[in-house]
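Coordinate inspection notes
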Amino acid sequence: MRTPIIAGNWKLHMNPAQTTEFVAGVKDQLPDSNKVEALICAPAVDLDALASAAKGSNLKVGAENAYFEDEGAFTGETSPKVLAEMGMDYCVIGHSERREYFHETDADINKKAKALFANHITPILCCGESLEKREANQQAEWVVGQIKAALKELSADQVSQLVIAYEPIWAIGTGKTASSDQAEEMCKTIRETVKDLYNEETAENVRIQYGGSVNPSNVKELMAKPNIDGGLVGGASLKPDSFLALVNYQD
Ligand code: 13P
């Protein structure tokens, strides 16, 4: 059985004081982490505050990005080794904003996945097509290509632990959610791709989130789909009430 995982991706929002206040406002009302994992992925500058505030609670903590080397002359980058030392459980990689604005390639993302696994941090691997690709009905081909490239040389064991986030770019921050059927169709395609690349067991274990304008009113319908195991949520994760409504969607 796959444990659902609802994650906030704060993007470039919040400071350490706001982070501490947010966690204080949610930490006693979170679901049991074996029922639903509740996770916040925050900017690197807030992670110390996030980890301290979340200590002893059901809140899982994560980063939004990491470099693929642990240390060296890489000015401005974030070490996966230090993220592990700080207690990070997860790290988002390959978000479409990083691919678009910071020119991250599939090869970079593959190296990041390996570096995170080496440091015992679970990657949340993002994929998703542009509006142009969707209008040309090339979404499946595009996303399958992203998945194959990102998983190169990863073991079945590693992929069993992985979280994949399907986020169609045209649904991010636009208020235009993919329909639950569109989201399910692509999450199913991703699971079938994992089965083709590895085996049935790995495909059954990998958790697949949908992301793109998820909010408290549509989360239940999305989570009811058999291949959707969670959500990666931007805007609706920034306020404690809304985050609590998302993670407690089963109540
Ligand atoms: P929104 O929930 O704001 O559409 O953002 C989705 C996203 O990019 C999460 O990673």
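Residues numbered from 1 in each chain as written. Predicted model: local features only at pLDDT ≥ 70, side-chain atom pairs only at ≥ 80, totals over all residues. Heavy atoms only, no water.

1. Digging into the packing of aromatic side chains
Defined as follows: Only rings of Phe, Tyr and Trp enter the pairing, Trp through its six-membered ring, and a pair is recorded when the two centres are within 6.5 Å. The plane angle decides the type: under 30 degrees is stacked, over 60 is edge-to-face, the rest tilted. A helix here means a DSSP run of H or I that spans at least four residues, while a strand means a run of E at least two residues long, and both kinds are numbered starting from the N terminus. Exposure classes here rest on a 1.4 Å probe applied to the protein chains alone. A residue is buried below 20% of its type maximum, exposed above 50%, and partly exposed in between.
In total, this model carries five aromatic pairs according to the counting rule given. Measuring from centroid to centroid gives 4.9 Å for tryptophan 10 and phenylalanine 22, while their planes differ by 80°, and the two rings are edge-to-face. In this pair, tryptophan 10 sits in the loop between β1 (5-9) and α1 (16-26) while phenylalanine 22 sits in helix α1, placing the two residues twelve residues apart along the sequence. The pair tryptophan 10 / phenylalanine 22 is uniform in exposure class, with both members buried. Look at tyrosine 166 and tyrosine 210: their rings are 6.3 Å apart centre to centre, the planes differ by 55°, and that puts the pair in the tilted class.

2. Some points on helix α12 (residues 240-247)
The condition is simple: By definition, residues are in contact when any of their heavy atoms lie within 4.5 Å.
Within α12, burial applies to Ser242, Phe243, Leu244, Leu246 and Val247. On the buried face of α12, the contacting elements are β1, α1, β2 (37-42), β3 (59-63), α11 (219-223) and β8 (230-233).

3. Quick word on the side chain of arginine 191
Mapped onto the elements, arginine 191 comes out in helix α9 (residues 180-197). Those residues in contact with arginine 191 that lie beyond four places of it in its chain are Arg2, Ala203, Glu204, Val206, Ile208, Asn227 and Asp229.

4. Considerations on the packing of helix α5 (residues 106-118) against helix α7 (residues 139-150)
Under the convention used in this document: For helices, the axis comes from a line fit to the C-alpha atoms of the stretch in contact; other axes are also lines fit to C-alpha atoms, and the angle between any two N-to-C directions lies between 0 and 180 degrees. Note that the term roughly parallel is reserved for angles under 35 degrees, roughly antiparallel for angles over 145, roughly perpendicular for angles of 65 to 115, and oblique for everything else. Rotating anticlockwise by less than a right angle from the far helix to the near helix defines a left-handed crossing, while the corresponding clockwise rotation defines a right-handed one.
In contact at an axis separation of 8 Å, α5 and α7 are set at 45° when each is read in the N-to-C sense. Taken together, α5 and α7 sit at an angle that is classed as oblique. In this structure, the crossing between α5 and α7 has a hand that is right-handed. Here Asp106, Ile109, Asn110 and Ala113 of α5 come into contact with α7, specifically with Gln146, Ala149 and Ala150.

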